[in-house]
Amino acid sequence: MSPEAELNLPDSADIHLAHARIRETVHLTPVLNDPALDEVLGCKLFCKCENLQRTGAFKFRGASNAIARLREDGIEGDVATHSSGNHGAALALAASLDGRTAHVVMPDNSSEMKIDAVRGFGGQVHFCAPNNQARVDELEKVLQKGLIAVHPYDNADIIAGQGTAALELEQEVPSLELLITPLGGGGLISGTAIATRAWGVSVFGVEPEGAADTVASLEQGRIVDSYIPDTIADGLRAIVGQRNFQVIRNDVKQVLTVSDDEIRRAMILFWQKMKILIEPSSATVLAAISKHPEWFAGRKVGAILSGGNIHPAEWLRLTSAA
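Residue indices follow the written sequence of each chain, beginning from 1 at its first position. Thresholds applied to this predicted model are a pLDDT of at least 70 for local features of residues and 80 or more for the giving and counting of side-chain atom pairs; totals over whole chains, interfaces and linings are not thresholded and use all residues. To obtain the side-chain values, all non-hydrogen atoms of the structure were included, while hydrogens and water were left out.

K.L.:
Would you explain the sheet that holds strand S3 (residues 79-82) in this entry?
P.N.:
Strand pairs in the sheet, formed through backbone hydrogen bonds, run parallel or antiparallel to each other. For two strands to be treated as a pair, DSSP must find at least two bridges joining them. Helix numbers and strand numbers start at the N terminus; a helix is a DSSP run of H or I with at least 4 residues, a strand a run of E with at least 2. The strand order S5-S4-S3-S6 describes an open sheet built from four strands, whose pairing is parallel. At either end of the open sheet lies a strand with only one pairing partner, and these are strand S5 (124-128) and strand S6 (148-149). Across five bridges, strand S4 (residues 102-107) lies against S5 in parallel orientation. Bridging from a neighbouring strand, His103 pairs with Gln124 of S5. Contact criterion: two residues are considered in contact whenever any of their non-hydrogen atoms come within 4.5 Å of each other. Axis definition: a line fit to C-alpha positions, over the contact stretch in the case of helices; interaxial angles, taken between N-to-C directions, run 0 to 180 degrees. Contacts from helix H6 (residues 112-120) reach S4 and S5 within the one sheet, and its direction differs from that of S5 by about 145°.

K.L.:
Please clarify how the pairing of strand S2 (residues 44-49) should be interpreted in this entry.
P.N.:
Along any regular strand the residues' side chains alternate between the sheet's two faces. The buried count for S2 comes to five of six residues, which makes it a mostly enclosed element. Pairing of strand S1 (residues 31-32) with S2, which is carried by two bridges, proceeds in the antiparallel orientation. Paired with Leu32 across the bridge in S2 is Cys47. Two strands pair when backbone bridges link them, and S2 and strand S10 (residues 300-305) are joined in this way by six bridges, in the parallel orientation. When the sheet's bridge partners are listed, Lys48 is paired in S10 with Ile304. Type-normalised accessible area, obtained with a 1.4 Å probe on protein chains alone, sets the label of each residue: buried when under 20%, exposed when over 50%, and partly exposed for intermediate values.

K.L.:
Is there a simple way to explain the side chain of Glu138 in this structure?
P.N.:
Looking at where Glu138 falls in the secondary structure, it is placed in helix H7 (residues 132-143). The exposure class assigned to Glu138 is buried, which follows from its relative accessible area of 19%. Excluding anything up to four places from it in sequence, Glu138 contacts Val105, His126, Phe127 and Cys128.

K.L.:
Hey, could you run me through the environment of Pro152 in this one?
P.N.:
Note that Pro152 resides in the loop between S6 and helix H8 (156-172). Taking the C-alpha atoms as reference points, Pro152 and Leu91, separated by 61 residues in sequence, lie 8.9 Å from one another. The residues contacting Pro152, other than those within four sequence positions of it, are Lys59, Thr81, His82, His87, Ile158 and Gln162.

K.L.:
I'm lost on unusual backbone geometry in this one. Help?
P.N.:
Backbone geometry follows two general trends: most residues other than glycine have a negative phi, and most peptide bonds adopt the trans configuration. Unlike most non-glycine residues, Thr55 shows phi in positive territory, near 70°. The topology assignment puts Thr55 in the loop between S2 and helix H4 (59-72). Using a relative accessible area of 13% as the deciding quantity, one classes Thr55 as buried. A positive phi angle is found at Lys275, which is not glycine, with a value near 60°. By the secondary structure assignment, Lys275 is in the loop between helix H12 (260-274) and helix H13 (280-291).

K.L.:
What should I look at first to understand the confidence of the model for the chain in this one?
P.N.:
Low-pLDDT stretches of the model should not have their predicted coordinates read in fine detail. On a scale of 0 to 100, pLDDT captures the predictor's confidence in every residue. Mean pLDDT for the chain: 95, with 98% of residues reaching 70 or above. For residues 1-5, every residue scores under 50 in pLDDT, and the model assigns this stretch five contacts once sequence neighbours within four places are set aside.

K.L.:
I tried to follow the packing of aromatic side chains on my own but got confused; where do I start?
P.N.:
Two numbers describe a pair of aromatic rings. These are the distance of the centres and the angle of the planes. Two rings belonging to Phe, Tyr or Trp (six-membered ring only in the last case) form a pair when the distance between their centres is within 6.5 Å. Interplanar angles under 30 degrees mark stacking, angles over 60 mark edge-to-face geometry, and anything in between is tilted. Scanning all chains against the criterion turns up three aromatic pairs. Residues Phe204 and Trp295 carry aromatic rings whose centres are separated by 5.0 Å and whose planes lie at 65° to one another, so their mutual orientation is edge-to-face. Here Phe204, found in strand S8 (residues 202-208), pairs with Trp295, found in helix H14 (residues 293-296); they are 91 residues apart in sequence, far enough to count as distant. According to the relative accessible area criterion, Trp295 is partly exposed, its value standing at 26%. Their ring planes at 55° and their centres at 6.3 Å tell us that Trp271 and Trp315 sit as a pair that is tilted. Here Trp271, found in helix H12, pairs with Trp315, found in helix H15 (residues 312-319); they are 44 residues apart in sequence, far enough to count as distant. The class of Trp271 is partly exposed, set by a relative accessible area of 38%.

Next comes the structure, spelled out in structure tokens:
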């Protein structure tokens, strides 16, 4: 049995099926291009605005697909996961729409806006210490209540759902040369890499320097699971998953890193040119394009903006340090 079969990874057909399954539930988010932003970045950039997705992030795609698959398989019951916020809110809404309740383990330093979002969509929040092992341990306690686990990224149905964003982007802009996404646990980038295998598009990922566990894992040839993240990009503090790492090793051209200051400047740049507030995780892709012209200059680039769940006051606080 191949390593991919052992890990139960989705393929491009699974992503097309996921798209058919969720397209009436998720938003078909816009793809935006702005000549002024192109001039600053030195490339032609097409932004897939998942910050305008339901619940404010791409995570609603994977969550909707995972819940729909449970319904298809006749599996009843409430669900549980761990999340810094965006996946938790997405799962809470997807579960609620299917008559379920989502229980979400969240770090106790999560943003109030994201905690409120999970609760607002009907989820129940369980707090834990702000590290990966605490998330895992608290989730195990919650699952003892008989709930169904829905991993935020190391899950075939989640990966397939996240890949639908790249599918839509490529269908709208079929001549892309490169595609770049943020990289946290790896659900978005692995779905993106699988979705684009047949199109000849080089896929790049971006991690904050303070949460570059995937870069460390690639260097060591194994997942580094003791990494302690330190970054303003709260959505990218997770340790890369096993399925995700396998896809990244095989299908991702390069994983780049950016500093928190570079992320701050990218948040400001996007507001200046597009008049849209994006969260730090989203801004990593703009920061990487600006930092690494050797990869992107003069090219036709697609970028997935992962989310926009940031309060204006928090946006001002973060960017004032730039």
